[in-house]
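So you can see what is in the structure, the chains are spelled out below.
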Amino acid sequence: MTDRDFLAMEDWSPEEIGALLDLAARVKRGEVSGGLEKKVLAMVFMDPSLRTRSSFETGMFLHGGHAAVLEPGKGSWALETEEGAVMDGTAVEHIAEAARVLARYADALAVRAFPRGTDWAQEREDRVVRDFARYADKPVINLESSRRHPCQGLADAMTLREKLGETRGKRFVLSWAWHPKPLPTAVPASAAIAAAMLGMDIVIARPEGYDLDPDDTALIRQIARQNGGMFQLSGDCDDALVGADAVYVKSWGSLEHFGRPDDEAELRRGLRDWRLTVPRLRNTRGGKGVVMHCLPVRRNVEIDDAVLDGPNSAVVDEAENRLHAQRALLLELIGTRTTR
Ligand code: CP
């Protein structure tokens, strides 16, 4: 057992991530049983989930432990997240107490908190999950924050290794997609970090105005180079897909218009063609590029039916790997015996 948090993949070394992925593969093959008996994971969902919640609950159960799930404002007290807040509004309890109390009951905490403000300069600090980690004296797992979704990144890395075998030098294209709403950048940043840690050549294809946070772009470039991969930005989704070994389709909002959805909608008007279609997929390496998406996906908006239901699609495998990768993570963080 360790007192480490899992807030971002880059907080762990490529060797540590590699060891987690090796363990996840053993878990998936059925070679690891037990290890979380009498362990409790307290999960706090400030935002909805299908995969994250059900895969963590299942993982704890499969290894003999228990997951307690809280949804603040829906059966548990609405939480205040601002430090120094005068709590005369709707929030009943501060995360300072919530995190400390849950840490007395549980062996680890896990928190989902999407961005909800209007100021990216504040949101990019990832205060809610980081404050949970500061207040709790137990490991804290990020279930998706403003900046990162490391559990998704871990499952993405596992899927890339499974589908491609040797990942070094292979072409990973993160391809922006149109969507009716401006979505967070946590998934695309984490997916690119995961692929960069695997030594892949990273291409980010996005329209003008849709760059990731400059620090994230710089980090992805740095991690790619450190692991022997290249990094490239593209403004043309057709060109970017040529020769791709994996294409990760994801929509995200313009950070230049963060918190101003009407301005953002104006920017994305005319970008509906940024969608993965069968003709585009044919341009990937041998037409066999692995199609990835974190889910939930908007069919025929981000990716066409024929692609999602076709032979290249790995989106359900990716979702399955959430379970195995997180089982490995839980065993590493709070397991009762060494699994290496
Ligand atoms: N990919 C993912 O995190 O799915 P959920 O939002 O359903 O948990």
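Keep in mind it's a predicted model, so treat the numbers as computed, not measured.

Conventions used here
- Residues numbered from 1 in each chain as written.
- Predicted model: local features only at pLDDT ≥ 70, side-chain atom pairs only at ≥ 80, totals over all residues.
- Heavy atoms only, no water.
- Helix = DSSP H or I, 4+ residues; strand = E, 2+ residues; numbered from the N terminus.
- Contact = heavy atoms within 4.5 Å.
- Axes fitted to C-alpha atoms, helices over the stretch in contact; angles between N-to-C directions.
- Parallel < 35°, antiparallel > 145°, perpendicular 65-115°, else oblique.
- Left-handed = near helix turned anticlockwise from the far one by under 90°.
- Near = heavy atom within 4 Å.
- Polar contact = N/O pair within 3.5 Å; in protein donor to acceptor, adjacent residues only side chain to side chain.
- Areas by Shrake-Rupley, 256 points an atom, 1.4 Å probe, with all protein chains shown as cover.
- Nonpolar A, V, L, I, M, F, W, Y, C, P; charged D, E, K, R; others polar.
- Domains from an automatic or database assignment.
- Buried area = accessible area lost by both parts, 1.4 Å probe.
- Salt bridge = Lys/Arg side-chain N within 4 Å of Asp/Glu carboxyl O.
- Pairing = 2+ DSSP bridges.

**Q** Please set out the environment of Val111 residue by residue, giving values where relevant.
**A** With respect to the helices, strands and loops of the structure, Val111 is situated in strand S5 (residues 108–112). Between the C-alpha atom of Val111 and that of Asp47, which follows or precedes it by 64 residues, the distance is 9.5 Å. Once residues within four sequence positions are removed from consideration, Val111 is found in contact with Val44, Val129, Phe132, Val140, Ile141, Asn142, Leu143 and Glu144.

**Q** If you had to explain the packing of helix H6 (residues 150–164) against helix H7 (residues 186–197) to someone new, which residues and values would you point to?
**A** Two numbers describe how H6 lies on H7: the axes approach to 8 Å, and their chain directions differ by 40°. In terms of orientation, H6 and H7 fall into the oblique class. The hand of the H6/H7 crossing is right-handed. Counted together, Pro150, Gly153, Asp156, Ala157 and Leu160 of H6 and Ser190, Ala191, Ala194 and Ala195 of H7 form the full contact between these two elements.

**Q** Any details on the site of the ligand? Residues and values, ideally.
**A** Near the ligand you find Ser49, Leu50, Arg51, Thr52, Arg112, His149, Gln152, Cys294, Leu295 and Arg322, and these make up its full shell. Here Arg112 contributes a side-chain N or O atom positioned 2.9 Å from an oxygen atom of the ligand. Between the ligand and Arg322 there is a distance of 3.1 Å, counted from an oxygen atom to a side-chain nitrogen or oxygen. Protein contacts shield 93% of the accessible area of the ligand, which totals 250 Å² for the unbound molecule. For the shell around the ligand, the class distribution of residues is 3 nonpolar, 4 polar and 3 charged. Mapped onto the domain boundaries, the shell around the ligand takes at least three residues apiece from domain 1 (9–148 + 320–334) and domain 2 (152–319).

**Q** Before we move on, can you summarise the side chain of Thr159 with the specific residues and values?
**A** Mapped onto the elements of the fold, Thr159 is located in helix H6. There is a polar contact of 2.7 Å between the side chain of Thr159 and the backbone oxygen of Ala155. Sequence-distant contacts of Thr159, that is, excluding residues within four places in its chain, are made with Met292, Ala314, Asp317, Glu318 and Asn321.

**Q** Give me the lowdown on the domain arrangement of the protein chain, citing residues and values where you can.
**A** Here the protein chain is described as being made up of domain 1 (9–148 + 320–334) and domain 2 (152–319). Using C-alpha coordinates to define each centre, domain 1 is positioned 25 Å away from domain 2. Contact with domain 1, which involves 33 residues of that partner, is made by 35 residues of domain 2. Of the roughly 2,700 Å² buried between domain 1 and domain 2, counting both surfaces, carbon and sulfur atoms make up 62%. The tally of links from domain 1 across to domain 2 stands at 7 salt bridges. A salt bridge links Asp215 to Arg124; the nearest nitrogen and oxygen atoms lie 2.8 Å apart. Among the elements of the structure, helix H1 (14–28), helix H4 (120–123) and helix H13 (315–334) are those that each provide at least two residues to the side of domain 1 that touches domain 2.

**Q** Residue-level account of the sheet that holds strand S6 (residues 140–142), with values.
**A** Taken in spatial order, the 4 strands make up an open sheet running S2-S1-S5-S6, and their pairing is parallel. Either end of the sheet is taken by a strand with one partner, and the two such strands are strand S2 (66–70) and S6. In this sheet, neighbouring strand axes are inclined to one another by 20° on average, regardless of whether the strands run parallel or antiparallel. Summarising the sheet, strand S1 (residues 40–45) and S2 pair through 5 bridges and their orientation is parallel.

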